[in-house]
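Understanding the architecture of this molecule
Given next are the chains, with one letter for each unit.
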Amino acid sequence: MRAFEAAARHLSFRQAADELSVTPTAVSHQIRQLESLLGVALFERQVRKVILTPEGRALFPALRDGFDRMAEAIAPLLGPKRRRILTVSATPAFVARLLVPRLAAFQAAHPRIDLRLHASTQPVDFAAQQIDAAIRYGQGPYRGLRHEPLLHTRFAPMCSPALKLRKPADLARHPLLHFQWQPIFREPPDWATWRRVAGQPALDVRRGITFTDETHAIDAAIAGQGVALLNTALVADALARGTLVMPFGPELEGLPYQLVYPPEAEHDPAIAALRAWLRDVERSAAAIA
């Protein structure tokens, strides 16, 4: 049954064999034994692929959920003996601005989970990099993965109150701070987009300072080095403290962040704990903003 569940989930005997650390022949043999026992075919064997039969499609969810429930029941029994390491990849700015200040809350709520944070904007190979979940900006694509929207984003001009900006025309007196967007975002919420939406055709958006990391643009704005177009969710605490101000609009609508993880982790208690913590992070950021 474990061989069938893995093969049905991957729709591949080879990938099931890799997961179970056996040969594809062994997986095929186990599934044929199960089919013989049940008296029905569970897969249609085609060239280089397999497809579930109606009987296989009916059996798969029950076995999948059953194995998940067993794992959940066993996990608390192992708790006193084993600690869980939860590795989460997130964009550098998300890690620095939203997660790091709230780590104590997660550790207090889940003392037996050791959280490891991996800061990156690159696509994740969950198995090869041993990453449990990722937080990424935008809609993907996240093929073959579970993904849930976390928090919506808006972008607006922000700077230190020491710059004393009052109106869009004041931008000409200060450097513009930029950070590099990945090429997959065709119309990012950058200064060129803001100029068009704000109706400021005279604004030279090519000048200023460009950073490869969004975090550095935020730090430079707080330090009074210029004006940055920043994500309101990431700098909600700075706005609340008054180290950043939003002197004028308009605000640009951004894309939501997404929590992304492999489908087999859907019922993982550690992922559930992460999901609950991130909802608290989302609520606190929204309340400040």
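Residue positions within a chain follow its written sequence, with the count starting from 1. In view of the model being predicted, local features appear only for residues whose pLDDT reaches at least 70, and side-chain atom pairs are presented and counted only at 80 or more, with totals across whole chains, interfaces and linings using the full set of residues. Water and hydrogen atoms play no part in the side-chain values, which are based on all heavy atoms of the structure.

**Thoughts on helix 3 (residues 24-38)**
Helix and strand labels come from DSSP, where a helix needs a run of H or I of at least four residues and a strand needs a run of E of at least two; each type is numbered from the N terminus. By this rule, a helix spans an expected 1.5 Å times one less than how many residues it contains. The end-to-end C-alpha distance of helix 3, which contains 15 residues, comes to 21 Å, matching closely the 21 Å that a straight helix rising 1.5 Å per residue would cover. Each residue is assigned to one of three classes by its accessible area relative to the maximum for its type, calculated with a 1.4 Å probe on protein chains only: buried under 20%, partly exposed between the two thresholds, exposed over 50%. Every buried residue of helix 3 is accounted for by Val27, Ser28, Ile31, Leu34 and Glu35. Relative to the axis of helix 3, the buried residues are bounded by an arc of 125 degrees and lie together on one face. What points out from helix 3, more than 90 degrees from its buried face, is the exposed set Thr25, Ser36 and Leu37. Here a residue-residue contact requires only that any non-hydrogen atoms of the pair lie within 4.5 Å. On its buried face, helix 3 is in contact with helix 1 (2-10), helix 2 (13-20) and strand 1 (43-46). Think of the arc as the fan of directions from the helix axis to the C-beta atoms.

**Side note on the environment of alanine 62**
Tracing the chain through its elements places alanine 62 in helix 4 (residues 54-78). Taking relative accessible area as the criterion, alanine 62 reaches 52% and is therefore assigned exposed. With 66 residues separating them along the chain, alanine 62 and alanine 128 place their C-alpha atoms 29 Å apart.

**Concerning the nonpolar core**
Soluble globular proteins tend to bury their nonpolar side chains together. Ranked by internal contacts, the top residues of the largest apolar core, which has 59 residues, are Leu86, Phe94, Ile135, Leu171, Trp191 and Leu278. Tallying contributions element by element places helix 11 (residues 269-288) first for this core, with eight residues. The residues contacting isoleucine 135, other than those within four sequence positions of it, are Val88, Ser89, Ala90, Thr91, Phe94, Leu99, Leu150, Tyr257, Gln258, Leu259 and Leu278. Buried Ala, Val, Leu, Ile, Met, Phe, Trp, Tyr and Cys residues that are joined via side-chain atoms within 4.5 Å together make up what is termed a nonpolar core. Counting residues in each nonpolar core, the second largest holds 18 residues, with Ala3, Ala8, Leu42 and Val50 among its members.

**Quick word on the pairing of strand 2 (residues 49-52)**
Side chains Val50 and Leu52 project from strand 2 onto a buried face, and the interleaved Lys49 and Ile51 project onto a face without burial. Think of it this way: DSSP has to see at least two bridges between two strands before they count as a pair. Strand direction decides the pairing type here: strand 1 and strand 2, joined by four bridges, are antiparallel. Opposite arginine 45, over in strand 2, you have valine 50 as the bridge partner. With antiparallel pairing between neighbouring strands as the criterion, strand 1 and strand 2 make up a hairpin whose turn holds two residues, including arginine 48 at a positive phi of roughly 65 degrees.

**Considerations on the packing of aromatic side chains**
Pairing of aromatic side chains here covers Phe, Tyr and the six-membered ring of Trp, requires ring centres within 6.5 Å, and sorts the geometry by plane angle: under 30 degrees stacked, over 60 edge-to-face, intermediate tilted. The final tally for this structure, using the stated rule, is 13 aromatic pairs. The interplanar angle of 35 degrees and the centroid separation of 5.3 Å between the aromatic rings of phenylalanine 179 and tryptophan 181 together place this pair among those described as tilted. A ring pair is formed by tryptophan 191 and tryptophan 194, whose centres lie 5.5 Å apart and whose planes are at 80 degrees; its orientation type is edge-to-face. Here tryptophan 194 and tryptophan 191 lie together in helix 8 (residues 191-198), a separation of three residues that amounts to about one turn. By the burial criterion, tryptophan 191 is buried, and tryptophan 194 matches it. Within the aromatic cluster, the residues linked to one another by ring pairs are Phe94, Tyr137, Phe155, Phe179, Trp181, Phe185 and Tyr257. Here, over-ring charges are defined by two tests on the NZ atom of lysine or the CZ atom of arginine: distance to the ring centre within 6 Å, and angle to the ring normal within 35 degrees. Its guanidinium or amino end placed over the ring of phenylalanine 67, arginine 2 lies 3.8 Å from that ring's centre, counting from NZ or CZ. The side chain of arginine 64 reaches across the aromatic face of phenylalanine 60, ending 5.3 Å from its centre.

**So, unusual backbone geometry**
A cis amide bond links glycine 249 with the next residue in sequence, proline 250, at an omega value of 0 degrees. Structurally, proline 250 is set in the loop between helix 10 (236-241) and strand 11 (252-253). Not every positive phi belongs to a glycine, and serine 21 is a case in point at roughly 60 degrees. Mapped onto the elements of the fold, serine 21 is located in the loop between helix 2 and helix 3. The phi torsion at lysine 164 lies on the positive side, around 55 degrees, for a residue other than glycine. By the element assignment, lysine 164 lies in the loop between strand 7 (154-158) and strand 8 (176-179).

**Thoughts on the pattern of salt bridges**
Side chains that differ in sign of charge can pair as their charged atoms come close. By definition, a salt bridge exists where a carboxyl oxygen of Asp or Glu is found within 4 Å of a side-chain nitrogen of Lys or Arg. Counting across every chain of the model gives 20 salt bridges. Between arginine 9 and glutamate 5 there is a salt bridge whose closest N-O contact spans 2.9 Å. On the criterion of helical spacing, the pair formed by arginine 9 and glutamate 5 is a turn pair, its members being four residues apart in helix 1. Close ionic contact of aspartate 268 with arginine 84 constitutes a salt bridge, the shortest N to O distance being 3.0 Å. In this pair, aspartate 268 sits in the loop between strand 12 (257-261) and helix 11 while arginine 84 sits in strand 3 (residues 84-90), placing the two residues 184 residues apart along the sequence. Aspartate 268 gets classed as buried once you look at its relative accessible area, which sits at 17%. The structure contains a network of salt bridges with shared partners spanning Arg2, Glu5, Arg9 and Glu19.

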